[in-house]
Structure formats: C-alpha cells, structure tokens
Amino acid sequence: MSSKKDEENQDKTQQGNQINIELSEEIAEGVYANLAMIAHSNSEFVIDFIRLMPGVPKAKVKSRVVVTPEHAKRLFSALQDNINKYEQTFGPIKHVDDSPKFPMNFGGAVGEA
C-alpha cells in the first residue's frame, strides 16, 4: 500500500520527466552478441541479438527486444548520436562489408578426419 508521501514523490518524478530505473546485477552484466537480425511488422520491430561462435554451425539468439516503430526510430537516433560522439573521441569506426572472418579452430587445435 502506498502512502500519500509516496504518491507525491511519484507525481514529482513524473512531472520532472524523471524515471526511476532498476538495473539488476544479472542484467547489468550484459550479454555479448556479434550479430543482430531485425524484422518488422506494421506495429513492431523485433531485434534479435545473436552470438555467432567460430566453428560452430548453430548460432544462438541471446536476447530479443521488441519495440514500437516510434521507439525503434528513437533508438536509431540515440545510437546514431552515440556513434558520432564515439567517433569524435576515438576516431572513425571501420566498416567491413562482409561478415566477420573467424579462424575455424578458434585458436585451438584443428582435427582431421
């Protein structure tokens, strides 16, 4: 049950356009992905973050994010802004046209049949 003071604080937070965001330890660790696939319909964008491991024929979707078209556009703008800031600080990000090339042995011994 919330108190009057909690409701007042919530109102102030909403009025000030501030959101209290909780980030659990598990989520804060993040998930590594080196490939993303995007699909869309008239009402949503689906972004699958995938981990593709060298020498492994099956890639795994590690996370799926579903957003509205409006949020997808905001995400695009925010990502574009952050890439611009990154490149101003660290220099241009190199664009590679083809998929990443991994050594098939991933740094280990190669078996022969």
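Residues numbered from 1 in each chain as written. Predicted model: local features only at pLDDT ≥ 70, side-chain atom pairs only at ≥ 80, totals over all residues. Heavy atoms only, no water.

A short note on the confidence of the model for the protein chain
Put simply, the rule reads: pLDDT is a per-residue confidence score from the predictor, ranging from 0 to 100. A run of H or I in DSSP becomes a helix once it reaches four residues, and a run of E becomes a strand once it reaches two; helices and strands are each numbered from the N terminus.
When pLDDT is averaged across the protein chain, the result is 83; 73% of the residues are at 70 or more. Per-element confidence in the protein chain is highest for helix H3 (residues 69-90), whose mean pLDDT is 98, and lowest for helix H1 (residues 4-15), whose mean pLDDT is 52.

Considering the packing of aromatic side chains
What counts, and what does not: Each Phe, Tyr or Trp ring, with Trp reduced to its six-membered ring, pairs with another whose centre is within 6.5 Å; inter-plane angles below 30 degrees give stacked pairs, above 60 give edge-to-face pairs, and intermediate values give tilted ones. Using a 1.4 Å probe on the protein chains alone, a residue whose accessible area is under 20% of its type maximum counts as buried, one over 50% counts as exposed, and one in between counts as partly exposed.
Evaluation of the coordinates by the stated rule reveals one aromatic pair. Here Tyr 86 and Phe 90 contribute two aromatic rings whose centre-to-centre distance is 4.8 Å and whose plane-to-plane angle is 45 degrees, an arrangement assigned as tilted. Of this pair, Tyr 86 and Phe 90 both sit in helix H3, separated by four residues, roughly a single helical turn. On the accessibility criterion, Tyr 86 (42% relative accessible area) is partly exposed.

Overview of the pattern of salt bridges
Spelled out, the test is: For this analysis, a salt bridge means a side-chain nitrogen from Lys or Arg found within 4 Å of a carboxyl oxygen belonging to Asp or Glu.
Following the criterion strictly, the structure yields two salt bridges and no others. A salt bridge links Lys 85 to Asp 81, with the nearest nitrogen and oxygen atoms 3.1 Å apart. With a gap of four residues between them, Lys 85 and Asp 81 both fall in helix H3, about one helical turn apart.

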